[in-house]
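Survey of secondary and tertiary structure
What follows is the residue order along each chain.
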Amino acid sequence: MEVKEYFARYDEFVDSVTSEGARSDENFMKHLQELSSQFNGNFARFDNAVVGLTGEAGEVADMWKKIKFMRLEYNDETRDKIIKELGDVCWYLMSAAHALNIPLEEIINRNIEKLKIRHPHGFSSAYMQNKKGA
């Protein structure tokens, strides 16, 4: 198969597995209006928070990658940059909580409950190995 034909087939495949909302501006805009209504006008805030969280988490990961794999020195300056990026993560997390009209404490408490169920005896490698076999 020629390269051109290969990519044409792949393009057809990608289009066939793409949601309606992602293929059509009209469907996408209609869905955004529905979501905005469900979010009581906080859709833009939540959307910004979700995208911001991924971006800032990526900046934390990128700094750590540079320290870990590219031998960027871990020192007060790089530590400070990580802390500042983590602060941005917190900012976007709070913004998401605001958009969902839920206190940050409730998000944390729900996470605690989820993890208690997942790890009733606390995390351990042995627990995870037994869980895989179950």
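A brief look at the structure comes next. Note that this is a predicted model, so its numbers are computed, not measured.

1. A few points about the overall build of the protein chain
A count of helical and extended segments in the protein chain gives seven helices and zero strands. Taken from N to C terminus, the helices and strands of the protein chain fall in the order α-α-α-α-α-α-α. Taking 2.2 N^0.38 as the reference for a compact globule, 134 residues should give roughly 14 Å; the C-alpha atoms of the protein chain span a radius of gyration of 21 Å, well beyond that estimate. Overall, the protein chain is about 50 × 45 × 45 Å in size when its C-alpha atoms are taken along their principal axes. In the protein chain, buried positions account for 16% of the 134 residues. Long-range pairs, those at least 24 residues apart, make up 47% of the contacts in the protein chain between residues at least 6 apart in sequence. Accessible surface, the protein chain: about 11,000 Å² in total, of which carbon and sulfur atoms supply 56%. Considering the protein chain, the positive charge centre built from 18 side chains and the negative charge centre built from 22 side chains are found 8 Å apart.

2. Quick notes on the packing of aromatic side chains
According to the stated counting rule, one finds five aromatic pairs in the structure shown. Members of the aromatic cluster, joined through ring pairs, are Phe39, Phe43 and Phe46.

3. Some thoughts on unusual backbone geometry
Its identity is not glycine, yet Asn40 carries a phi of approximately 50°, on the positive side. Mapped onto the fold, Asn40 is located in the loop between helix 3 (25–38) and helix 4 (43–69). Relative accessible area serves as the criterion here: at 70%, Asn40 is assigned to the exposed category.

4. Quick notes on the side chain of Glu56
Here Glu56 lies in helix 4. Although Glu56 is buried, it makes no salt bridge; Lys84 carries the closest opposite charge, 12 Å away. Other than its neighbours up to four places away in sequence, Glu56 contacts Glu85, Asp88, Val89 and Tyr92.

Rules behind the numbers
- Position labels on residues start from 1 in each chain and follow its written sequence.
- In keeping with the model being predicted, local features are shown solely for residues with a pLDDT of at least 70 and side-chain atom pairs are shown and tallied solely at 80 or more, while totals for entire chains, interfaces and linings include all residues.
- Note that the side-chain values use all heavy atoms of the structure and ignore hydrogens as well as water.
- A helix here means a DSSP run of H or I that spans at least four residues, while a strand means a run of E at least two residues long, and both kinds are numbered starting from the N terminus.
- A radius of gyration in this sense is built from C-alpha atoms; the matching globule rule multiplies 2.2 Å by the number of residues raised to 0.38.
- Burial here depends on accessible area, computed with a 1.4 Å probe over protein chains only, as a share of the maximum for the residue type. Under 20% is buried, over 50% is exposed, and the range in between is partly exposed.
- Contacts were defined at the residue level, with two residues in contact if any of their heavy atoms lie within 4.5 Å.
- Computed by Shrake-Rupley with a 1.4 Å probe, the accessible areas treat only the displayed protein chains as cover when residues are assessed.
- This count recognises Lys and Arg as positive and Asp and Glu as negative, with His and chain-terminal groups excluded.
- The location of each charge is read from NZ of Lys, CZ of Arg, CG of Asp or CD of Glu.
- We call Phe, Tyr and Trp rings a pair once their centres come within 6.5 Å, taking the six-membered ring for Trp, and we label the pair stacked below 30 degrees between planes, edge-to-face above 60, and tilted otherwise.
- Between Lys or Arg on one side and Asp or Glu on the other, a salt bridge is scored when a side-chain nitrogen of the former is within 4 Å of a carboxyl oxygen of the latter.

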